[in-house]
Amino acid sequence: MEKRRVIIKENTVIRKIENAQFHIKSSIQKKEITKAVENILTDNNLVMAAAASIFLPYMVSGIILVSIAIYIAINKQTREVCLVHKEFKGILIFQLFFQLVSLFYGNWMGVLGGFAFTLAAILGIFEYHVMTAELYEKSLSIMCVFSCFSTVYALVEQAMISGGYLNYQRVCSLFFYPNYFATISATVILICAYKLLTGQGNKYIFCTAILMNLINIYLSQSMFGWVEVLAGISIMLFLLRYYRLLASFVGVAVIGIALILFINPDVIPRISQANLTLSMRFQIWKNAILYIKEAPLFGKGTLTYAYSTLQTGKIVAHSHSIILESILNYGILGSAVLAWAVGKYLLSIIKRCYYQGDVKITSLILGIMGAAFVHGVTDITLMWVQTFPLFIFLLAGAGTFKKNVAEDNSIYAKLPGYMVQKVAPVIVYCKMSCDKSKKLLIKKDNIKERMSA
């Protein structure tokens, strides 16, 4: 009996050891898998994957972008990056409040739309915090190259339309709707122009991308795509101080438009339908104002116009005015909050551009914002799964500014006996006093000892 008990105990110990070994192996394998995934899903890879996926077919693009945003939200490290941003909680509170507004009015489309905008905000804030100048420029180059594939698809689509295989007239390529296609193409043209004006990369690649995206705008038959290009490039030329080139560019554009309208207006697609298009806009705006009167203070939540028109049996995606759409969705008070947030961001970019003289990335950001605002007067092409992520990615370029300042500060902070003090308009580094006090002695005696970045 005793031998049997000893054998049972030995078997029990062996099983425990085997179980322990199994759990150890499993944990090691899990750690190895987790480490491998983390090595693949680095911050840089996530940003570049998001940038490249914008130019894939819209369903694939949407799945990838949503997956990246969800991963950022559930992963501890990436989530903490977002939580560091002081405005992130404000964005969440804003969206949560208007989710409740949507539920109150039975606007289920607003609930889904609000969730989508929250994911877009998470993606944008993450990109802002991890963005470096090198990563930003590299991603922009990837966008320019990837955009050329949409031209190939568009040409095939146009051939099928001409051959009667498709029963619509306007090409939309990989972007669901022609106006979205035009906005993406116009934005890429602005990126390429920025690369050429700032002397970055291979100019032949960017010139080719410009040519192919001009073909895209023509095939999309979007009149405002041309306006976006004209407005965005004009702003960049002005900020980069290419005044003669700006005058020539605007002059050639005005003369070209005048000649086209005088000789043959049909050269610009759908120009003959301008009156009909404008009358439709007026009717949509009139309806939007009526919907605003129903809930002027807080609106009825995201996608109010789409949901309201759905009740009439014929859905219209939006109010074709960025200002009316904001008041429809968030009311006067909510729109005031949004205007304050946008104004704060815009002011920081303008200060960076003029006060600190950094006109490189700021010229692109302000050019993109100017083009988006001009187009937003009569349409809202940013409300799409590809156009909006592209827009927020470009705005996230402002994250490179803080990174540069932090790097500059860190260099001198490591020097023994030196402290950092911001003395407008530069950062001043000067020696500490002999008694090692925390106050800097910026006087006549030690002016010669200070160094400016």
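By convention here, each chain's residues receive numbers from 1 onward along its written sequence. Since the coordinates come from a predicted model, pLDDT governs what is reported: local features require at least 70, and pairs of side-chain atoms require 80 or more to be given and counted, while whole-chain, interface and lining totals use all residues. With hydrogens and water excluded, all non-hydrogen atoms of the structure serve as input to the side-chain values.

K.L.:
So what's going on with unusual backbone geometry? Residues and values would help.
P.N.:
Not every positive phi belongs to a glycine, and Phe176 is a case in point at roughly 75°. Each helix is a run of H or I in the DSSP string that is no shorter than four residues. Each strand is a run of E no shorter than two, and both are numbered from the N terminus. Residue position: Phe176 is located in the loop between α7 (133-162) and α8 (178-197). The rule is simple: take the accessible area with a 1.4 Å probe, protein chains only, and divide by the maximum for that residue type; under 20% is buried, over 50% is exposed, in between is partly exposed. Looking at Phe176, the relative accessible area reads 45%, which means it is partly exposed.

K.L.:
Which residues make up the pattern of salt bridges, and what are the values?
P.N.:
Definition used for salt bridges: Asp or Glu carboxyl oxygen within 4 Å of a side-chain nitrogen of Lys or Arg. Per the counting criterion, the structure on display carries four salt bridges. Between Asp379 and Arg281 there is a salt bridge, with the nearest N and O atoms lying 4.0 Å from each other. Remark: Arg281 occurs in helix α12 (residues 274-294) and Asp379 occurs in the loop between α15 (360-376) and α16 (387-395); sequence separation between them is 98 residues. For Asp379, a relative accessible area of 4% translates into the label buried. Residue class for Arg281 comes out buried when judged on its relative accessible area of 14%. A salt bridge links Lys300 to Glu294; its shortest N-O distance comes to 2.4 Å.

K.L.:
Account for the packing of α7 against helix α9 (residues 203-220), naming residues and giving values.
P.N.:
Every angle, taken between N-to-C directions, lies between 0 and 180 degrees, and every axis is a line fitted to C-alpha atoms, over only the stretch in contact when it is a helix. Taken N-terminus to C-terminus, the directions of α7 and α9 make an angle of 40°; their axes are 9 Å apart at the nearest point. Comparing their axes, α9 and α7 come out oblique. Here α7 and α9 pass one another in a crossing that is left-handed. Between α7 and α9, the residues in contact are Ser141, Cys144, Val145, Ser147, Cys148, Ser150, Thr151, Ala154, Leu155 and Gln158 and Ile205, Phe206, Ala209, Met212, Asn213, Ile215, Asn216 and Leu219, respectively. Here the term charged refers only to Asp, Glu, Lys and Arg, the term nonpolar to Ala, Val, Leu, Ile, Met, Phe, Trp, Tyr, Cys and Pro, and the term polar to all other amino acids, Gly among them. For the contact of α7 with α9, the class distribution of residues is eleven nonpolar, seven polar and no charged. Roughly parallel refers to an angle under 35 degrees, roughly antiparallel to one over 145, roughly perpendicular to one between 65 and 115, and oblique to any angle outside these ranges. With the far helix as reference, a near helix turned anticlockwise by less than a right angle produces a left-handed crossing, and one turned clockwise produces a right-handed crossing. We call two residues contacting when some pair of their heavy atoms lies within 4.5 Å.

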